[in-house]
Amino acid sequence: MSKRDAYEVLGVARDSSQDEIKKAYRKLAMQYHPDRNPGDTVAEENFKEAAQAYSVLADSEKRATYDRFGYDGLRGEGFGGFSGFNSTIFADFEDILGDFFSFGFGDLFGSRSRRRPGGPAQGRDLVLQMEITLDEAASGMEKEIKINRSRHCAECRGTGVKPGTQRSTCPQCQGRGQVRYQQGFFAVAKACSQCGGSGRIITTPCEACQGRGKQREKKSFKINVPAGVDTGMKLRVEGEGDAGDEGGPPGDLYVAIRVKSHKYFSRENNNLFCQAIISFPRAAMGTKLEIPTFEGREILTVPTGTQSGEVLKIKGKGLRNVSNHRKGDLFVRIEVGTPRNMSKKQKQILRAFAESQGENLDEAEKGGISRVKNLFR
Ligand SMILES: [Zn+2]
Ligand SMILES: [Zn+2]
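Residues numbered from 1 in each chain as written. Chains lettered and ligands numbered in written order. Predicted model: local features only at pLDDT ≥ 70, side-chain atom pairs only at ≥ 80, totals over all residues.

Draft legend 1. Here's a closer look at helix H9 (residues 344-356). Over its 13 residues, H9 runs 18 Å from end to end, which matches the ideal 18 Å to within 8%, given 1.5 Å per residue. The buried count for H9 comes to zero of 13 residues, which makes it a mostly uncovered element. Gly 358, located one to two residues past H9, shows a positive phi value of around 75°. (Helix = DSSP H or I, 4+ residues; strand = E, 2+ residues; numbered from the N terminus. Expected span 1.5 Å × (residues − 1). Buried ≥ 20, exposed ≤ 12 C-beta atoms within 10 Å, placed from the backbone.)

This is the structure:
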């Protein structure tokens, strides 16, 4: 299934209201509905795409996650691909079109596993922001994090039912989870309002959780932040999100990384960049330069005749690539410092130096002009 931007799919602005989103989806759903376009696979694809986009944008929490992380952020909620395409879309669709088009919709998406009577839904994913220093990103480390999430009630193991008792069949739908009736030409199915589509209701709720099946929990644990992480990367901690409904599997926890800027080093992927100022005599005659890296001090050899703006490379002293562990390089841009407030004697020496290379400092400079380019990157 294509992963076109959800806003683009519905043709709405990123800041559009829930009402505008609903309207846009309704229009597309009416246009592409398979009942109106029998055998038209393009229409069917468009229809599914719109339904998926709507299922994200209609839910304010999902929408916020999507705005920050795209469909990646929603992977745990069944957006990994068509196979994981979850059936809450079916419910969204019923909500929005009323009963008019629900006919035939179940076939389009295959099984409605998450709304099947007794079929437990996966819990919500949690997203946590984490700020680290460049030093920490370079070495990797263990970080303690604290989250507040829901867990299954230990008493009833998430079922919400008092231990030793069971849910009973919903009297309104006789356990089918749906109420069906005929409306003109269409056979209409609607999720049962009493049991919410599960087909069963709790008559003796668990006392520990009042039948919710979940309890809030504050948890702190250590996570391993690998060397080389960068701003925008997300660490996924499987199964540490909110608890699922009715004993269903938990969602995942995502830790979104932001690396603070550093006093000396800037970063591009796994390479580091810094600048060093050396005196004119050192630049002219060559020198050794001490550079503090994340792995201790490095001695950089500055060759004879190094120009201001020249970039020297210290191989392998950048950051480690998170996935292939290859090391980046450290680039040092040399800046030649011009002496200020020279003594009379220093001026004489410099004048003599200029004359020794045939230069008359009292005449205007003519030959030195050239095109500027950025020598750093
Ligand atoms: Zn309970
Ligand atoms: Zn029912």
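Draft legend 2. Structural context of the confidence of the model for the chain. The predicted model of the chain has a mean per-residue pLDDT of 82, with 86% of residues at 70 or higher. Confidence drops under a pLDDT of 50 for residues 78-118, and excluding neighbours within four residues, the segment shows 72 contacts in the predicted structure. (pLDDT = per-residue confidence, 0-100. Contact = placed C-beta atoms within 7 Å.)

Draft legend 3. Region of interest: the nonpolar core. Grouped together as the largest cluster of nonpolar side chains are 20 residues, with contacts concentrated most on Ala 6, Leu 10, Tyr 25, Ala 50, Ala 53 and Tyr 54. Contributing elements (two or more residues each) for this core: helix H1 (6-10), helix H2 (18-32) and helix H3 (41-57). When residues of this core are assigned to their parent elements, the largest contribution, seven residues, is made by H3. Once you skip the residues sitting within four places of it in the chain, Ala 53 turns out to touch Ala 6, Val 9 and Leu 10. (Core = buried A, V, L, I, M, F, W, Y, C linked by C-beta atoms within 7 Å.)

Draft legend 4. Representation of H3. Taking 1.5 Å of rise per residue, 17 residues should cover 24 Å, and H3 covers 24 Å from first to last C-alpha, within 8% of that figure. Residues of H3 that are buried: Phe 47, Ala 50, Ala 51, Gln 52, Ala 53, Tyr 54, Ser 55, Val 56 and Leu 57.

Draft legend 5. The arrangement of the sheet that holds strand S14 (residues 311-314) in detail. Ordered in space as S10-S11-S15-S14, the four strands form an open sheet in which the pairing is mixed. The outermost strands of the open sheet, each flanked by one partner alone, are strand S10 (266-268) and S14. If you compare each strand with its neighbour and ignore which way they point, the axes differ by 35° on average. Pairing geometry for S10 and strand S11 (residues 271-279), over three bridges, is antiparallel. Note that in S11 the partner of Glu 268 across the bridge is Asn 271. (Pairing = 2+ DSSP bridges. Axes fitted to C-alpha atoms, helices over the stretch in contact; angles between N-to-C directions.)

Draft legend 6. Spotlight on unusual backbone geometry. Its identity as a non-glycine residue notwithstanding, Gln 174 has a phi of 55°, on the positive side. By the secondary structure assignment, Gln 174 is in the loop between strand S3 (168-169) and strand S4 (178-183). Classification of Gln 174 by C-beta neighbours within 10 Å gives exposed; the count is 11. Unlike most non-glycine residues, Asn 341 shows phi in positive territory, near 50°. Relative to the assigned elements, Asn 341 resides in the loop between strand S15 (330-337) and H9.

Draft legend 7. Expanded view of the sheet that holds strand S8 (residues 234-237). Pairing is mixed across the open sheet formed by three strands, whose spatial order is S1-S9-S8. Looking at the sheet topology across the chains shown, the edges are occupied by strand S1 (126-132) and S8. For this sheet the average axis-to-axis angle between neighbouring strands, irrespective of direction, equals 25°. Strand direction decides the pairing type here: S8 and strand S9 (residues 253-259), joined by four bridges, are antiparallel. In the sheet register, Arg 236 faces S9, and the bridge partner there is Tyr 254.

Draft legend 8. Local environment of the pairing of S4. Counting buried positions over the six residues of S4 gives zero, only a small fraction of the element. Of the pairings in the sheet, the one linking S4 to strand S5 (residues 186-191) comprises six bridges and is antiparallel in character. If you follow Gln 183 over to S5, its bridge partner there is Phe 186. In this antiparallel pair of consecutive strands, S4 and S5, the connection spans two residues, and Gly 184 shows a positive phi of 60°.

Draft legend 9. Local environment of the environment of Ile 314. On the secondary structure map, Ile 314 appears in strand S14. Of the residues examined, Ile 314 has 18 C-beta atoms within 10 Å and is grouped as partly exposed. Through-space distance from the C-alpha of Ile 314 to that of Ile 291 is 9.8 Å; in sequence the pair is 23 residues apart.

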